[in-house]
Amino acid sequence: MSYTAVQDRLRAGWNTWDTRSVLRQVLLPYGFGISLGLHELYRGTTLTTAQIGRRGTVEGGWDDEDVTLGPHAPLGEYTRVTVRWAEITIEVTTAQVPGTDELVIKVDPLTNQRRPALLIIGAAYLWNKRGTVRRGDETLVGDHATVWSTGPVIEDPYADQLGPYLAVELTGPIGIGTGPRRSLEEIDRILAEAEQRHCPAPAAGDELAEHRDLVRDAISWNNVYEPSKDRVVTTVSRLWNVGKRGGFALFCWDNFFNALLADLTSTDVAYANVVEMCREVVPDGFVPNVAQGTGRKTYDGSQPPVGSMVCWELYRRHGERWLLDEVYPILLGWNRWWWRVRHNGTMISPGTTVFEPEFPSPQDIPRIGKHFGATCETGADDHPAFRDIPFDAETGLLGVHDVGLNAQYAMDCEALSKIASELGRTEEAAELASRGATVRGLIEELLWDEPSSTYRGHFTESGQPTEFLSPASFFPLFAGCGTDGRAKIMTDAYLRTEDGFGGEWVLPSSPRSELLISDREHSYWIGRAWPPINFLTYLGLRRAGLTEEAGWLAERSGALAMVEWRESRHIHENYSSEHGHGCDRPNSEPFHSWGALLSLPILIESGVIKLAGGQFDPTPAAP
């Protein structure tokens, strides 16, 4: 078993591999793609690609398409999506015929203009892969597949489509296929069988099935083929990959979290997430905040080190030693980088390393050598907990012993020490265990604030506590801190209290007593509930043995996930902690992979997912 075999298995078959359109099916490894579009005849405009989350007005005065992403099998065996545009609504369902390279598609027009729109069926080789496609009488003939339709093909020279295409009137259901010609009845049978095998509808009241489906679809719709390195990866949002990111974007802690999510349905996809994120390591030795299709990486900074915890968990579940061999050298170098470069003389501080970009990017301007860039290293960007923290331009560090980052680093040391022991690297295991114990001790000694009964950041200069709180105060619990009773004291004071982090929609990113109306209008973080924060806090409560509190957070997180999932199948990047919705903010993506972290706690509580590593059970940290 090797990682090469993992990618070989993933780079096969039909799927929504192309990030640019959810109406495009591509056959890997060849890159042969079938694209669906709409040509409306009222104004004569064409919808050539479809994305979820676009907001605006396009050619002809029509609003951007409105997309509802339906069920999506882990490797594209079955998909369903609904697209509304220009008073036209279509439902597109696809299935692979088992044991073949055959694909069937059904397009159902649910609403239409008075004069029926045309379905445009195009075919081409994507990503500049070699191959040819020609137009037959009523087919598109490629080197690896021939595309046909059940509807009569008409001549339409004005569709906005490059390359050969078929135009079919949307007067009723249309079947499309790549194998032997089939009737609509045959296509319906294949689709129904694929749905039942891969994406059966949850039984009424089966909330756990709803959460499993949410996790499955959050990952499956965001799995794409990344051609520059010939790999399948999970990205946080299809829409984020295009525009300023240049085709793809891998975000550090996002992709490690994606591995945990993906493992519910595809361990191969889970492995791809951790390995590809590790392989983006920069020469300085850290895994960058982001790597993207333009070639840009954040050479100035990283993100929270959750990778060792995730890799150890995957190994304990599946026992694939090659995974540890693959990732351990990078994770070790990354761990040492934090202690070498972000050590403030006592603990870890978030920072930003000045460098001269070979190819300047506008995304680097607010980051490199600046306060904002340093806050991004915490994963919490503009959180108010950092607003009063001074930034030292000479060292590149924020003047704070950050409670969240130090807790995550201590957890990283512990998990990585276990990996080192498993690999027989006894000296490195001891080094990591010792460093983790040092950081845990410093958290207990320096970051517990007795007057406010909580862990919190402290200024490096004065040693005094910072003014503003965040849920990161709970993070020391997943590092094994608080076993002397502090965990219970803190959670009683803050977790479920109305002026703390309690309420119906949790966890607010700041205590409710700190939320100001003016702040809510302008901040990315204030007043929002962030799925990774809930998930990490849940892990901490679980490890601290606070089972009632962990169960409460799992139930509230699951309820938050269901608000827009049941309404519109949205999975948001963040949610309002006041009313539970995500669509109220334009900077909360409606189909963001890590939104599914809200469903993980309730699946863990119910036993659907079992944490195999033992790290988050109520046991003390290793000495």
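The sections below set out a description of the structure shown in this document. Remember, it's a predicted structure, so these values are computed and weren't measured experimentally.

As a further point, take helix 11 (residues 426-446). Between its terminal C-alpha atoms helix 11 stretches 30 Å, which fits the 30 Å expected from 21 residues at 1.5 Å a residue. Every buried residue of helix 11 is accounted for by E428, A429, L432, R435, G436, V439, R440, L442 and I443. Buried residues in helix 11, looked at end-on, bunch into an arc of 160 degrees, giving them a common side. Seen from the buried face of helix 11, the exposed residues on the opposite side, beyond 90 degrees, are T426, E427 and E445. Against the buried residues of helix 11 lie helix 8 (321-341), helix 10 (403-422), strand 23 (448-449) and strand 24 (454-455).

Taking strand neighbours across the sheet as the criterion, the 8 strands line up as 5-6-7-8-15-12-11-10 in an open arrangement whose pairing is antiparallel. Lying at the two open borders of the sheet, with one neighbouring strand each, are strand 5 (66-72) and strand 10 (133-135). Here the strands of the sheet are splayed against their neighbours by 15 degrees on average, with no regard to which way each runs. Taken together, the 3 bridges between strand 10 and strand 11 (residues 139-142) define a ladder with antiparallel strand orientation. Residue pairing across strands places V133 opposite G142, the latter belonging to strand 11. Docked against the sheet, helix 2 (residues 184-198) engages strand 6 (78-85), strand 7 (88-96), strand 8 (103-111), strand 12 (146-149) and strand 15 (174-177), running at close to 100 degrees with respect to strand 8.

A few words on the packing of aromatic side chains. Within the structure shown, the criterion is met by 21 aromatic pairs. Measuring from centroid to centroid gives 4.5 Å for F286 and W337, while their planes differ by 40 degrees, and the two rings are tilted. Taken together, the positions of F286 in the loop between helix 6 (267-279) and strand 19 (290-292) and W337 in helix 8 put the pair 51 residues apart, joining distant regions of the chain. Each of the two residues, F286 as well as W337, counts as buried. A ring pair is formed by W525 and W530, whose centres lie 3.9 Å apart and whose planes are at 10 degrees; its orientation type is stacked. Take W525 and W530: they sit in the same class, and that class is buried. Joined through ring pairs, the aromatic side chains of W253, F257, W525, W530, F535 and W594 make up one cluster. Sitting above the plane of the F248 ring, R231 keeps its charged end 5.1 Å from the centroid.

Along the polypeptide, R216 turns up in helix 3 (residues 207-220). For R216, a relative accessible area of 6% corresponds to the buried category. A polar contact is formed between the side chain of R216 and the backbone oxygen of H72, at a distance of 3.5 Å. Of the polar contacts made by the side chain of R216, one reaches the side chain of D213; its length is 3.2 Å. Those residues within four positions of R216 in sequence are excluded, and the remaining contacts are P71, H72, P74, H198, C199 and T265.

Those residues of helix 12 (residues 486-494) that fall on the buried side of the exposure criterion are R486, A487, M490, T491 and Y494. Projected down its long axis, helix 12 shows its buried positions confined to an angular sector of 120 degrees, all on one face. Tucked into the core, helix 12 has its buried residues touching helix 11, strand 23, strand 24, helix 14 (531-543) and helix 15 (547-568).

The tally for this structure, following the rule as stated, stands at 44 salt bridges. The salt bridge involving D364 is made with R296; its shortest N-O contact spans 2.9 Å. Here R296 lies in the loop between strand 19 and helix 7 (307-318) and D364 lies in the loop between helix 8 and helix 9 (371-376), a separation of 68 residues in the sequence. Comparing D364 with R296, the two get one shared label, buried. R496 is the partner of E548 in a salt bridge, and the nearest nitrogen-oxygen pair spans 3.5 Å. Taken together, the positions of E548 in helix 15 and R496 in the loop between helix 12 and helix 13 (517-522) put the pair 52 residues apart, joining distant regions of the chain. Take E548: its relative accessible area is 54%, and that puts it in the exposed class. Since its relative accessible area comes to 34%, R496 is described here as partly exposed. Where salt bridges share partners, they join E226, K229, R231, E276, E280 and K297 into one cluster.

Position of R512 among the secondary structure elements: in the loop between helix 12 and helix 13. Taking relative accessible area as the criterion, R512 reaches 19% and is therefore assigned buried. Spatially, the C-alpha atoms of R512 and L469 are 10 Å apart, while their sequence positions differ by 43 residues. Among residues more than four places away in sequence, those in contact with R512 are E498, D499, G500, G502, G503, W505, V506 and S577.

Here the focus is the pairing of strand 5. Counting buried positions along strand 5 gives 6 out of 7 residues, so the element sits mostly inside the fold. Inspection of the sheet shows strand 5 paired to strand 6 by 5 bridges, in the antiparallel sense. In the sheet register, D66 faces strand 6, and the bridge partner there is R84. Joining the antiparallel neighbours strand 5 and strand 6 is a turn of 5 residues, in which G76 adopts a positive phi near 85 degrees.

At a minimum axis separation of 10 Å, helix 1 (residues 3-10) and helix 6 run at an interaxial angle of 120 degrees. Judged on the interaxial angle alone, helix 6 and helix 1 are oblique. When the axes of helix 1 and helix 6 are compared, the crossing they make is left-handed. Residues Y3, V6, Q7, R9 and L10 of helix 1 touch helix 6, and the partners they reach there are D268, V269, Y271, A272, V275, E276 and R279. Residues belonging to the contact of helix 1 with helix 6 are distributed by class as follows: 7 nonpolar, 1 polar and 4 charged.

All right, on to unusual backbone geometry then. Along the chain, L28 connects to P29 via a cis peptide bond; the corresponding omega equals 10 degrees. You can see P29 is positioned in the loop between strand 2 (24-28) and strand 3 (32-39). Note that the residue after V506, namely L507, is joined by a cis bond; omega there is -5 degrees.

This part is about the pairing of strand 7. Across the 9 residues of strand 7, 8 count as buried, placing the element largely inside the fold. Across 8 bridges, the pairing between strand 6 and strand 7 is antiparallel. Considered in strand 7, the bridge of R80 is made with T93. Between strand 6 and strand 7, which follow one another and run antiparallel, lie 2 residues, and A86 among them has a positive phi close to 50 degrees. Here 8 bridges tie strand 7 to strand 8, and the two strands are oriented antiparallel to one another.

Moving on, we come to the environment of E195. Relative to the assigned elements, E195 resides in helix 2. C-alpha of E195 to C-alpha of T265: the two residues are 70 residues apart in sequence and 15 Å apart in space. When neighbours within four sequence positions are excluded, E195 is seen to be in contact with Y78, R80 and P200.

Parameters at a glance
- Residues numbered from 1 in each chain as written.
- Predicted model: local features only at pLDDT ≥ 70, side-chain atom pairs only at ≥ 80, totals over all residues.
- Heavy atoms only, no water.
- Helix = DSSP H or I, 4+ residues; strand = E, 2+ residues; numbered from the N terminus.
- Expected span 1.5 Å × (residues − 1).
- Buried < 20%, exposed > 50% of the residue type's maximum accessible area, 1.4 Å probe, protein only.
- Arc of directions from axis to C-beta.
- Contact = heavy atoms within 4.5 Å.
- Pairing = 2+ DSSP bridges.
- Axes fitted to C-alpha atoms, helices over the stretch in contact; angles between N-to-C directions.
- Phe/Tyr/Trp six-rings, centres within 6.5 Å; stacked < 30°, edge-to-face > 60°.
- Lys NZ or Arg CZ within 6 Å of the ring centre and 35° of its normal.
- Polar contact = N/O pair within 3.5 Å; in protein donor to acceptor, adjacent residues only side chain to side chain.
- Salt bridge = Lys/Arg side-chain N within 4 Å of Asp/Glu carboxyl O.
- Parallel < 35°, antiparallel > 145°, perpendicular 65-115°, else oblique.
- Left-handed = near helix turned anticlockwise from the far one by under 90°.
- Nonpolar A, V, L, I, M, F, W, Y, C, P; charged D, E, K, R; others polar.

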